[in-house]
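Chain residues, written in single-letter form:
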Number of protein chains: 2
Amino acid sequence: MSAVRKTESTGLDGEPADLPEPLPEPDIADLRLEAILGALADSLRLTIVRKLMLEAQAYDHPCGWFGLDRPKSSLTHHFKALREAGIIRQRQYGLERRSRLRRGDLEARFPGLLALVASWQPPSDKK
Amino acid sequence: MSAVRKTESTGLDGEPADLPEPLPEPDIADLRLEAILGALADSLRLTIVRKLMLEAQAYDHPCGWFGLDRPKSSLTHHFKALREAGIIRQRQYGLERRSRLRRGDLEARFPGLLALVASWQPPSDKK
DNA sequence: AGTATAGTACGATAAAACTCGTATAGGAGC
DNA sequence: GCTCCTATACGAGTTTTATCGTACTATACT
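To start, this report covers the structure provided alongside it. (Residues numbered from 1 in each chain as written. Chains lettered and ligands numbered in written order. Predicted model: local features only at pLDDT ≥ 70, side-chain atom pairs only at ≥ 80, totals over all residues. Heavy atoms only, no water.)

Once that is clear, we can look at helix α2 (residues 43-55) of chain B. The end-to-end C-alpha separation of α2(B) is 17 Å, in line with the 18 Å expected for 13 residues at 1.5 Å each. By the burial criterion, the buried members of α2(B) are B:Leu44, B:Arg45, B:Leu46, B:Thr47, B:Ile48, B:Val49, B:Leu52 and B:Met53. (Helix = DSSP H or I, 4+ residues; strand = E, 2+ residues; numbered from the N terminus. Expected span 1.5 Å × (residues − 1). Buried < 20%, exposed > 50% of the residue type's maximum accessible area, 1.4 Å probe, protein only.)

Below you can see the structure in the form of C-alpha cells.
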C-alpha cells in the first residue's frame, strides 16, 4: 500500500474529520451483500449511485443536484434506502442533506461491484 | 480470442445442442442488471447460485441436489425468479427440472458479478 | 396398471416495498 | 419576525414479493 497523506485527523473512509456527523448507517463490517444488491435493484437508485460515482466533484451533493424528476418525499425514500444499505453516507449541512458514495468501504468489501454500476445503462426511458 | 473446440454443433452459451429445450428465459441481450440484482438480493437465492457456481460438477442439477430445507412450492418460486432474471437456465429431463448457471452469459454481460457471489458468505444462520 | 417421485400450478395470506400528497421542521436571509 | 427553501415525517393507497398448503401432472419403475 502506498503512503497516504494525513494532514490532520481523518474520519470514516478516509474523510476529513471536521464534518457534520453522518446520519445512522451500517458499519463497514456489517455491510450485507443481499441488502446492497436489493438497494441497487432499481433504476432510479442505480442512476443516483452511478451519478455519484461518475460525476461527483467536490464530494457531498444535495438531493437537488441529481436533477431527478420525482416528488421530494419519494426521493427521501430512495436516498434513505441507499444509506441504510450502506451505499451512501449522508450528512446534514444546514438546510441540505448531502450524500456521497461510500466508495472505499464498498470497494473494500465488494470489489468490482461499483464497476458494474458504472457500466450500467438506464433502459431507454429513465421513467 | 483463443480457438474453441467445437466437436459438433453447439447451442446457447457454448452448450451441446442435443439437450431438451430450455424453459423460457431472457435472451442474453435482454438481461437487465436491475432484474439480476433483484433476483440476487436474497440469501436463499444467493445460496443456490453460489452452489451452482462452486460445486456444480456434471452441469445441470435438479432441485433436490441443493439440499434446501424449504417446501417444494417455495423452491419452485425461487428457481423461477432466478430463471426469469436470466441467471440460471432450466431444462426438463424426464421428471426432473435441472438448472445450470448461465455463467458465460453473465460473465459476458456483467463481468465480475459472479465473483461477488462466489465471495459471499451466508449470515450466521442460513435460515 | 398401480405406485412412487420430482416438481408445478393455483391460490390465499402476509409482509415488504414503492409512490406520493400533505403537513412539518428548521436554517438562511431580508 | 416573517418568508423562502431543502428536505423529512407521517400516513394512505397500491403493487410486488415471499411463504407455503393443497391439488395436480407427468414420468419412472415394478
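Back to the write-up after that little detour.
Below, the discussion takes up the packing of aromatic side chains. Residues and elements named next belong to chain A. Applying the stated rule across the entire model yields 4 aromatic pairs over all chains. Ring plane angle 80° and centroid distance 4.8 Å describe the contact between Trp65 and Phe66, whose orientation is recorded as edge-to-face. With a relative accessible area of 6%, Phe66 lands in the buried category. Counting every residue linked through ring pairs, the aromatic cluster contains Trp65, Phe66 and Phe79. Here Lys51 stacks its cationic end above the ring of Trp65, 5.0 Å away from the centre of that ring. (Phe/Tyr/Trp six-rings, centres within 6.5 Å; stacked < 30°, edge-to-face > 60°. Lys NZ or Arg CZ within 6 Å of the ring centre and 35° of its normal.)

What follows deals with the sheet that holds strand β3 (residues 96-101) of chain A. Within a beta sheet, neighbouring strands are joined by backbone hydrogen bonds and run either parallel or antiparallel to one another. Residues and elements named next belong to chain A. Spatial strand order, β1-β3-β2: 3 strands in an open sheet with antiparallel pairing. With partners counted over all chains shown, the strands left at the sheet margins are β1 (61-62) and β2 (88-93), one partner each. When β2 meets β3, the two strands line up antiparallel, connected through 6 bridges. Residue pairing in the sheet places Arg89 in a bridge with Arg100 of β3. Contacts from helix α2 (residues 43-55) reach β1, β2 and β3, with the element oriented near 75° to β3. Across the sheet, helix α3 (residues 72-85) is in contact with β2 and β3; its angle to β2 comes to roughly 120°. (Pairing = 2+ DSSP bridges. Contact = heavy atoms within 4.5 Å. Axes fitted to C-alpha atoms, helices over the stretch in contact; angles between N-to-C directions.)

Next up on the list: the protein's contact with DNA strand D. Among the 18 residues in the neighbourhood of DNA strand D, the closest are listed as A:Cys63, A:Thr76, B:Arg45, B:Ser73 and B:His78. Sugar and phosphate atoms form 58% of the subset of DNA strand D atoms that lie within 4 Å of the protein. Here a phosphate oxygen of DNA strand D sits 3.4 Å away from a polar atom, N or O, in the main chain of A:Gly64. Broken down by secondary-structure element, the contributors of at least two residues to the surface near DNA strand D are α3 and β3 of chain A together with α3 (72-85) of chain B. Its residues placed into classes, the surface near DNA strand D shows 5 nonpolar, 8 polar and 5 charged. (Near = heavy atom within 4 Å. Polar contact = N/O pair within 3.5 Å; in protein donor to acceptor, adjacent residues only side chain to side chain. Nonpolar A, V, L, I, M, F, W, Y, C, P; charged D, E, K, R; others polar.)

Side chains bearing opposite charge may pair, as long as their charged atoms lie close to each other. All names here are of chain A. Applying the stated criterion across every chain, the model contains 16 salt bridges over all chains. Between Asp105 and Arg89 there is a salt bridge, with its nearest N and O atoms 3.6 Å apart. One end of the pair, Asp105, is in helix α4 (residues 103-109); the other, Arg89, is in strand β2, with 16 residues separating them in the sequence. Looking at Asp105, the relative accessible area reads 8%, which means it is buried. (Salt bridge = Lys/Arg side-chain N within 4 Å of Asp/Glu carboxyl O.)

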